Amino acid sequence: MSPSDRHQSIAQDRQQREAFWMPFTANRQFKDDPRLLVAAEGVHYTTADGRQILDGQAGLWCVNAGHGRRRIVEAVQRQLSELDFAPTFNMGHPLPFELANRLVEITPGDLNYAFFTNSGSESVDTALKIAIGYHRARGEGSRQRLIGREKGYHGVNFGGASVGGIVGNRKQFGTLLPGVDHLPHTLNITANAFTRGLPAEGGAELAEALERLVGLHDASTIAAVIVEPVAGSAGVVLPPKGYLKRLREICDRHGILLIFDEVITGFGRLGTPFAADYFDVLPDIMTTAKGLTNGNIPMGAVFVRPHIYEAFMQGPEQFIELAHGYTYSGHPVAAAAALATLDIYAEEGLLTRGAALAPHLEEAVHGLRDLPNVIDVRNIGLVAGIELAPRPGEPGKRGFEIHRRCFEQGALVRYTGDIIALSPPLIINPTQIGELIDIVAEAIRETA
Ligand code: PMP
């Protein structure tokens with residue numbers, strides 16, 4: 001059987017879809033009614049039944065340079081045949097060194113040290129452990145508490161799930177980590193519905209909730225605050241103007257580390273290389289993944305500033321070696337994919353291209369505001385969220401139906417409950433943005 005015959009048989013035979021336990025998916029429902037992609041090129045997928053689908057979500061917020069990039073393909077092939085694997089525990093090979101050098105040239109401020117992981121979830125748990133270790137190395141071992149936010153998404157590992165604040169992602173798993181609090185989220189549709197770009201003044205004071213937690217627990221017990229500068233998974237939640245600056249100030253006042261989870265916002269999504277650039281706020285630690293390799297090979301990276309790195313290097317003997325790492329930290333094939341991706345980003349100006357495209361997306365997406373059931377439209381850089389009123393008694397149903405209809409009509413869009421999130425590849429053009437929004441508009445009308 002050729003690969004394409006095997007794909008067809010999976011597309012056609014329900015039984016062949018049984019064994020794969022799919023993540024974040026209602027398995028029975030999907031397996032009865034599958035949506036299968038078999039190829040991709042540029043901003044389009046090809047489905048198992050041969051249709052072209054406009055990729056409105058860059059894979060899963062990751063394929064920033066578009067699909068089928070030959071340069072990455074060739075770099076991966078070359079690397080696999082030259083050096084397929086080599087350990088990085090007390091051993092090394094040149095690629096992660098080269099990649100770290102290249103990356104710290106583009107990271108904000110002095111986020112000058114890179115630790116490699118295999119995913120966003122691993123980056124988050126790595127960052128949280130580094131934060132706690134940092135305080136311990138400096139003799140402040142009582143700082144162990146972690147603070148996230150309501151509606152925050154920081155992956156699915158124990159640390160990330162604990163600081164995460166999406167209710168549905170937690171309730172199957174009990175108490176998770178102790179010593180975690182959540183700041184309020186910043187979504188305020190009543191005040192800010194249909195705002196273009198960042199919500200206007202007002203809302204920055206929500207950062208003051210951190211002072212309340214400091215009062216409650218004492219700063220000497222708090223290690224770090226982690227936030228997504230722009231929350232993606234919860235359905236595109238934007239920070240009010242001045243909010244992140246305020247968080248930074250409060251963290252500074254109390255010796256609390258600030259972690260930006262830039263797994264989605266990193267590598268050009270907001271029209272700047274990183275969200276820290278966009279908001280002009282420098283975290284102590286920054287997590288990334290996804291766009292690092294254009295989503296082509298799994299890889300993540302955590303960046304830290306010199307004070308963090310030095311606390312370990314100069315710390316007591318038992319901290320000089322970070323007791324953390326993955327078999328595949330700095331994997332040669334992933335590193336080769338990342339280096340090729342960075343070449344593409346640089347040559348095509350993709351890390352800032354979103355800034356030029358943002359007005360097109362903003363204009364097009366806000367054109368949806370008068371459609372039935374649309375209660376909010378939000379946008380920043382090359383990200384947009386369209387929130388719909390839930391169908392009475394059936395929350396999330398409308399979002400799913402719109403996603404489903406868009407797929408039938410030729411576009412892949414992400415839904416979170418009744419919110420449609422758009423995050424197309426950064427190579428998309430204004431005409432294609434128009435096509436995407438037209439398909440979404442039609443789907444919204446049809447599901448009214
Ligand atoms: N953090 C954020 C902000 C994310 O959006 C995601 C994934 N959407 C993650 C962490 C987890 O990344 P991964 O799925 O690669 O583990």
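Please read these numbers as outputs of a predicted model, since none were measured by experiment.

With respect to the overall build of the protein
Check the secondary structure of the protein and you find 17 helices and 15 strands. Relative to the compact-globule value of 22 Å for 448 residues, the protein shows a C-alpha radius of gyration of 22 Å, a close match. Its C-alpha atoms give the protein principal-axis dimensions of about 60 × 55 × 40 Å. Considering only contacts in the protein between residues 6 or more positions apart, those separated by 24 or more positions represent 73%.

Regarding the site of the ligand
If you check the shell around the ligand, you find 14 residues, and the closest are Ser119, Gly120, Ser121, Gly155 and Val263. Class assignment of the residues belonging to the shell around the ligand gives a composition of five nonpolar, seven polar and two charged.

Quick notes on the packing of helix α16 (residues 397-409) against helix α17 (residues 430-446)
α17 packs onto α16 with a crossing angle of 130° between their chain directions and a minimal axis gap of 9 Å. The pairing of α16 with α17 is recorded here as oblique in orientation. α16 and α17 meet at a crossing whose hand is right-handed. Residue-level inspection shows Ile402, Arg405, Cys406 and Gln409 of α16 in contact with α17, the latter providing Ile439, Val440, Glu442, Ala443, Ile444 and Glu446. Residues that form the contact of α16 with α17 fall into these classes: six nonpolar, one polar and three charged.

Here's the deal with unusual backbone geometry
Its identity as a non-glycine residue notwithstanding, Phe194 has a phi of 65°, on the positive side. Along the chain, the position of Phe194 falls in the loop between α9 (189-192) and α10 (209-217). A count of 13 C-beta atoms within 10 Å places Phe194 in the partly exposed class. Even without glycine at this site, Asp280 takes up a positive phi of about 55°. Inspection of the secondary structure assignment puts Asp280 in the loop between α12 (275-279) and β9 (285-288). Of the residues examined, Asp280 has 12 C-beta atoms within 10 Å and is grouped as exposed.

Quick look at the environment of Thr288
Inspection of the secondary structure puts Thr288 in strand β9. For the pair Thr288 and Leu80, spaced 208 residues apart in sequence, the C-alpha to C-alpha distance is 24 Å. The contacts of Thr288, once residues within four sequence positions are left out, are Ser123, Glu262, Val263, Gly266, Gly300 and Ala301.

Re the sheet that holds strand β13 (residues 411-412)
The strand order across the open sheet built from four strands is β1-β2-β3-β13, with neighbouring strands paired in mixed fashion. Looking at the sheet topology across the chains shown, the edges are occupied by β1 (37-41) and β13. Where strand β3 (residues 52-55) and β13 come together, two bridges link them in parallel fashion. In the sheet register, Asp55 faces β13, and the bridge partner there is Leu412.

A look at the sheet that holds strand β7 (residues 222-227)
Taken in spatial order, the seven strands of this open sheet run β4-β10-β9-β8-β7-β5-β6, and their pairing is mixed. A single partner strand is all that each edge strand has here, and the edge strands are β4 (113-117) and β6 (180-183). Direction aside, the axes of adjacent strands within the sheet are offset by 20° on average. Examined bridge by bridge, β9 and strand β10 (residues 300-304) share four bridges and lie antiparallel to one another. When the sheet's bridge partners are listed, Ile285 is paired in β10 with Val304.

Some thoughts on the confidence of the model for the protein
Predicted confidence across the protein gives a mean pLDDT of 97, with 100% of residues reaching 70 or more. Overall fold confidence (pTM) sits at 0.98, and the ipTM for the predicted complex is 1.00.

Structural notes on the nonpolar core
Counting residues in hydrophobic clusters, the biggest one holds 123 residues, and the most contacted among them are Val225 and Val440. Formed jointly, this core draws a minimum of three residues from each of two domains, domain 1 (35-68 + 350-446) and domain 2 (72-348).

Some remarks on the domain arrangement of the protein
Here the protein is partitioned into domain 1 (35-68 + 350-446) and domain 2 (72-348). Taken together, the contact between domain 1 and domain 2 spans 34 residues of the former and 29 residues of the latter. At the level of secondary structure, the elements contributing two or more residues to the side of domain 1 that touches domain 2 comprise α3 (58-61), α15 (350-366), β11 (374-380), β12 (383-388) and β15 (419-422). In terms of residue count, the dominant contributor to the side of domain 1 that touches domain 2 is α15 (nine residues). Partitioning the side of domain 1 that touches domain 2 into residue classes produces 17 nonpolar, eleven polar and six charged.

A look at the pairing of strand β2 (residues 44-47)
In this structure, β1 lies alongside β2, joined through four bridges in antiparallel fashion. Residue pairing for β2: Glu41 is matched across the bridge by His44. In this structure, the hairpin formed by β1 and β2 is closed by a connection of two residues, where Gly42 is found at a positive phi of approximately 65°. As paired strands, β2 and β3 are joined by three bridges and run antiparallel to one another. Its bridge partner lying in β3, Thr46 is registered against Gln52. In this structure, the hairpin formed by β2 and β3 is closed by a connection of four residues, where Gly50 is found at a positive phi of approximately 80°.

Parameters at a glance
- Counting from 1, residues in each chain are numbered in the order their sequence is written.
- pLDDT decides what is reported in this predicted model: residues at 70 or higher carry local features, side-chain atom pairs at 80 or more are listed and counted, and totals for whole chains, interfaces and linings draw on all residues regardless.
- A run of DSSP states H or I qualifies as a helix once it reaches four residues; a run of E qualifies as a strand once it reaches two. Both are numbered from the N-terminal end.
- Radius of gyration: over C-alpha atoms. The globule rule applied is 2.2 Å multiplied by the number of residues raised to the 0.38 power.
- By the criterion used throughout, residues are in contact when their C-beta atoms, derived from the backbone, lie within 7 Å.
- To decide nearness, the C-beta atom of each residue is placed from the backbone, and the residue is near a molecule or strand if that atom lies within 6 Å of it.
- In this count, Pro and Cys sit with the nonpolar residues alongside Ala, Val, Leu, Ile, Met, Phe, Trp and Tyr, while Asp, Glu, Lys and Arg are called charged and the others, Gly among them, polar.
- Axis lines are fitted to C-alpha atoms, over the contacting stretch for helices. Their N-to-C directions set the angle, which ranges from 0 to 180 degrees.
- Roughly parallel means an angle under 35 degrees; roughly antiparallel means over 145; roughly perpendicular covers 65 to 115; every other angle is labelled oblique.
- Each crossing gets its hand from how the near helix is turned against the far one by less than a right angle, where anticlockwise is left-handed and clockwise is right-handed.
- Every C-beta atom is placed from the backbone, and the number of other C-beta atoms within 10 Å of a residue's own sets its class: buried at 20 or more, exposed at 12 or fewer, partly exposed in between.
- Should DSSP find at least two bridges between two strands, the strands are regarded as paired.
- Scored from 0 to 100, pLDDT records how confident the predictor is in each individual residue.
- The term nonpolar core refers to a group of buried residues, namely Ala, Val, Leu, Ile, Met, Phe, Trp, Tyr and Cys, whose C-beta atoms join them within 7 Å.
- These domain boundaries are the output of an automatic or database domain assignment.

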